[in-house]
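The primary structure of each chain is shown beneath.
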Protein chains: 2
Amino acid sequence: MQLSCIIIIVMKIINPLEVERKLKLLGCRQTKTRTEILKILNCPQPFSALEIKQRLSYCQIVVNKTTIYRELAFLLQKNIINEVVFKDGIKRYELKLEKHSHHLVCLSCHQIKRVVLENVLIKQEKQISQQLNFKIIDHSLEFYGLCDCCSKKHF
Amino acid sequence: MQLSCIIIIVMKIINPLEVERKLKLLGCRQTKTRTEILKILNCPQPFSALEIKQRLSYCQIVVNKTTIYRELAFLLQKNIINEVVFKDGIKRYELKLEKHSHHLVCLSCHQIKRVVLENVLIKQEKQISQQLNFKIIDHSLEFYGLCDCCSKKHF
DNA sequence: TTATCTGCAAAATATTTGCAAAGCA
DNA sequence: TGCTTTGCAAATATTTTGCAGATAA
């Protein structure tokens, strides 16, 4: 019999010092932009490049969009962040965790909640690889609906 | 005990006459562009607006890109097609089926195989709605990896 | 005949590239 | 000092909008 799955809501992500240590280990420089972008991404919700730019400007930090796109490409390549795409087709970024995560996207307020579902799709992935000879490397699973707050508002 | 899941590979989609009847029922006109776009979408693989434009031009049919985008928005609104987004952030379109479908995206040859997985995520969706008060309306589940052909090439 | 559909030009939005200047170690 | 990072301008890609003219029923 299958165990019921475990849902973990991702709340706070990571100790900033841990990321800094990892960057130093990889021989990367520690710049203001890099530190500030990582601070913003240390959050349970993924952000797009332009959302990051906007959030930086809230803190009086003006960074060119090109720099942000390049910094995100850099962090992606260093395996420090993930890229996720939802139905709107915009690329969003979040800190990489040990466990693969999924998302609950509210169709009303557009808030995104990051969750970890344990023991999910294991059987299906095995079946797909066995029956269709498709070697699965990764998957994306996102749920769309109404968050607690919005579903109460709608009725 | 949970039954093993059933995988259905979507091969041919639908009788074109069925779509035409549905369009007539909805009071829509039958135009050359509409017919041709639906012919292209009658395929196990979703296509982007510009891929459709390209495929039309292969058949000597020249249609403005604006028309294609508008036609897709029209068919979407009439519930005849689905919009799907993969990791590249490009919107792709496919004929709507009774059953929700998922996709196997080959990271090497970029072929997309449409599949129907029965009895998948039912338990997880129930748990998410009960434990997190998130009312799920829809989900997207896509697998990325190597198709049979490409995984053989890689070794 | 008339509501629907289409093409063209231009705009909006997200992302990328080249090059020269600035800055961290 | 030298390599990495940054800003600016311009290019590219996808998608959207306004308007005038064409077309299916």
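Scope of this entry: the structure provided in the associated data block. The residue count restarts for each chain, going from 1 along the sequence in the order it is written. Chains and ligands are labelled by the order in which they are written, letters from A for the one and numbers from 1 for the other. Only residues with pLDDT of at least 70 get local features here, since the model is predicted, and only at 80 or more are side-chain atom pairs given and counted; chain-wide, interface and lining totals rely on the full set of residues. As a convention, hydrogens and water are excluded, and side-chain values are obtained from all of the structure's heavy atoms.

## Description of the relation of the copies chain A and chain B
Worth spelling out the cut-off: The fit set for superposing copies consists of C-alpha atoms from residues with pLDDT of at least 70 in both; the fit itself is least squares. For this analysis, residues touch if any pair of their heavy atoms sits within 4.5 Å.
Take chain A, turn it by 180°, move it 0.0 Å along the axis, and it overlays chain B with an RMSD of 0.0 Å. Such values leave the two copies arranged in the relation of a two-fold axis. Looking at chain A, 100% of its interface residues are interface residues in chain B too, so the copies touch through the same face.

## Notes on the protein's contact with DNA strand C
Cut-off, in case you're wondering: The near set for a molecule or strand comprises every residue that places at least one heavy atom within 4 Å of it. Pairing of N or O atoms within 3.5 Å defines a polar contact, subject to two protein rules: one partner must be a possible hydrogen donor and the other a possible acceptor, and residues neighboring in sequence count only if both atoms are side-chain atoms. For helices the rule is a DSSP run of H or I covering at least 4 residues; for strands it is a run of E covering at least 2, with both sets numbered from the N terminus onward.
Around DNA strand C lies a shell of 21 residues, among which Arg29(A), Arg29(B), Arg34(B), Thr67(B) and Arg70(B) are the nearest. Near-protein atoms of DNA strand C (within 4 Å) split between backbone and bases, with sugar and phosphate holding 50%. Thr66(A) places a side-chain nitrogen or oxygen 3.3 Å from a base oxygen of DNA strand C. Between DNA strand C and Tyr69(A), the relevant distance is 2.8 Å, taken from a phosphate oxygen to a side-chain nitrogen or oxygen of the residue. Mapped onto the surface near DNA strand C, the elements with two or more residues apiece are α4 (65-77) of chain A together with α2 (32-41) and α4 (65-77) of chain B.

## As for the interface of chain A and chain B
What counts is decided by this rule: For any pair of parts, buried area is found by adding up, for both, the accessible area (1.4 Å probe) each one loses once the two are put together. Basic side-chain nitrogens of Lys or Arg form a salt bridge, by our definition, when they fall within 4 Å of a carboxyl oxygen of Asp or Glu.
Facing the 46 residues of chain A at the interface are 46 residues of chain B. Taken together, both faces of the contact between chain A and chain B bury some 4000 Å²; the carbon and sulfur share is 63%. Broken down residue by residue, the surface that chain A buries against chain B is led by Leu132(A), Phe134(A) and Phe143(A), which jointly contribute 15%. Scanning the region where chain A abuts chain B turns up two salt bridges. We note a salt bridge from Asp138(B) to Lys87(A), for which the minimum N-O separation is 2.3 Å.

## Topic: unusual backbone geometry
Residue and element names in this part refer to chain A. Worth spelling out the cut-off: With a 1.4 Å probe rolled over the protein chains alone, any residue whose accessible area is under 20% of its type maximum counts as buried; one over 50% counts as exposed, and the rest are partly exposed.
For Gln60, which is not glycine, the phi torsion reads 65° and is therefore positive. With respect to the helices and strands, the residue Gln60 is situated in the loop between α3 (49-58) and α4. With relative accessibility at 69%, the residue Gln60 sits in the exposed group.

## Details of the pairing of strand β5 (residues 102-106) of chain B
Residue and element names in this part refer to chain B. The cut-off we apply is this: Two strands are counted as paired when DSSP detects at least two bridges linking them.
Here β5 lies mainly inside the structure; five of its five residues are buried. Residues His102, Leu104 and Cys106 line one face of β5 and the alternating positions His103 and Val105 line the opposite face, and both faces are buried. In terms of strand pairing, β5 meets strand β6 (residues 112-117) through four bridges, oriented antiparallel. Directly across from Val105, in β6, lies its bridge partner Ile112. Examined bridge by bridge, β5 and strand β7 (residues 135-146) share four bridges and lie parallel to one another. Across the sheet, residue Cys106 finds its bridge partner in β7, namely Gly145.

## With respect to the protein's contact with DNA strand D
Let me state the cut-off plainly: For this classification, the nonpolar set comprises Ala, Val, Leu, Ile, Met, Phe, Trp, Tyr, Cys and Pro, the charged set comprises Asp, Glu, Lys and Arg, and every other residue, Gly included, is treated as polar.
Residues in contact with DNA strand D amount to 21 residues; listed here are only the nearest, Arg29(A), Thr33(A), Arg34(A), Thr67(A) and Tyr69(B). At the protein interface, 54% of the atoms of DNA strand D within 4 Å belong to sugar or phosphate. Within the backbone of Asn64(A), an N or O atom sits 3.2 Å from a phosphate oxygen of DNA strand D. One of the side-chain N or O atoms of Glu71(A) is found 3.4 Å from a phosphate oxygen in DNA strand D. Elements with a contribution of two residues or more to the surface near DNA strand D: α2 (32-41) and α4 of chain A together with α4 of chain B. Here the surface near DNA strand D is composed, by residue class, of six nonpolar, seven polar and eight charged.

## Regarding the packing of aromatic side chains
Cut-off, in case you're wondering: Only Phe, Tyr and Trp rings take part, Trp by its six-membered ring, and two of them pair if their centres are within 6.5 Å. Stacked means planes under 30 degrees apart, edge-to-face means over 60, and tilted covers everything else. Cation placement over rings: the criterion is NZ of Lys or CZ of Arg within 6 Å of the ring centroid and within 35° of the ring normal.
Taken as a whole and judged by the stated rule, the model has zero aromatic pairs over all chains. Directly above the aromatic system of Tyr144(A) lies the positively charged group of Lys87(A), at a separation of 4.7 Å from the ring centroid. Over the face of the ring belonging to Phe74(B) we find Arg34(B), whose NZ or CZ atom lies 3.9 Å from the ring centre.

## With respect to the sheet that holds strand β1 (residues 7-9) of chain B
Pairing between the strands of a sheet comes from backbone hydrogen bonds, and it takes one of two forms, parallel or antiparallel. What counts here: What counts as an axis is a line fitted to C-alpha atoms, over the stretch in contact for a helix, and the angles between N-to-C directions run from 0 to 180 degrees.
Read across the open sheet, the eight strands follow the order β1(A)-β6(A)-β5(A)-β7(A)-β7(B)-β5(B)-β6(B)-β1(B); overall the sheet is mixed. One side of each edge strand has no neighbouring strand; the edge strands of this open sheet are β1 (7-9) of chain A together with β1 of chain B. Within this sheet the neighbouring strands show an average axis-to-axis angle of 30°, counted without direction. Looking at chain direction, β1(B) and β6(B) are connected through three bridges and run antiparallel. Bridging from a neighbouring strand, Ile7(B) pairs with Leu117(B) of β6(B). Where helix α5 (residues 122-132) of chain A meets the sheet, it contacts β7 (135-146) of chain A together with β1, β5, β6 and β7 of chain B, and its direction lies at approximately 45° from that of β1(B).

## What to know about the nonpolar core
As a reminder, the rule being used: Only buried Ala, Val, Leu, Ile, Met, Phe, Trp, Tyr and Cys residues count toward a nonpolar core, and they belong to the same one when joined by side-chain atoms within 4.5 Å.
Residues Leu117(A), Ile128(A), Phe143(A), Leu117(B), Leu121(B) and Ile128(B) are the most contacted members of the largest nonpolar core, which totals 34 residues. Elements that contribute at least two residues to this core include exactly β5 (102-106), β6 (112-117), α5 and β7 of chain A together with β5, β6, α5 (122-132) and β7 of chain B. Residue contacts for Ile128(B): discarding those within four places in its chain leaves Ile7(A), Leu104(A), Leu117(A), Phe143(A), Asn133(B), Phe134(B) and Ile136(B).

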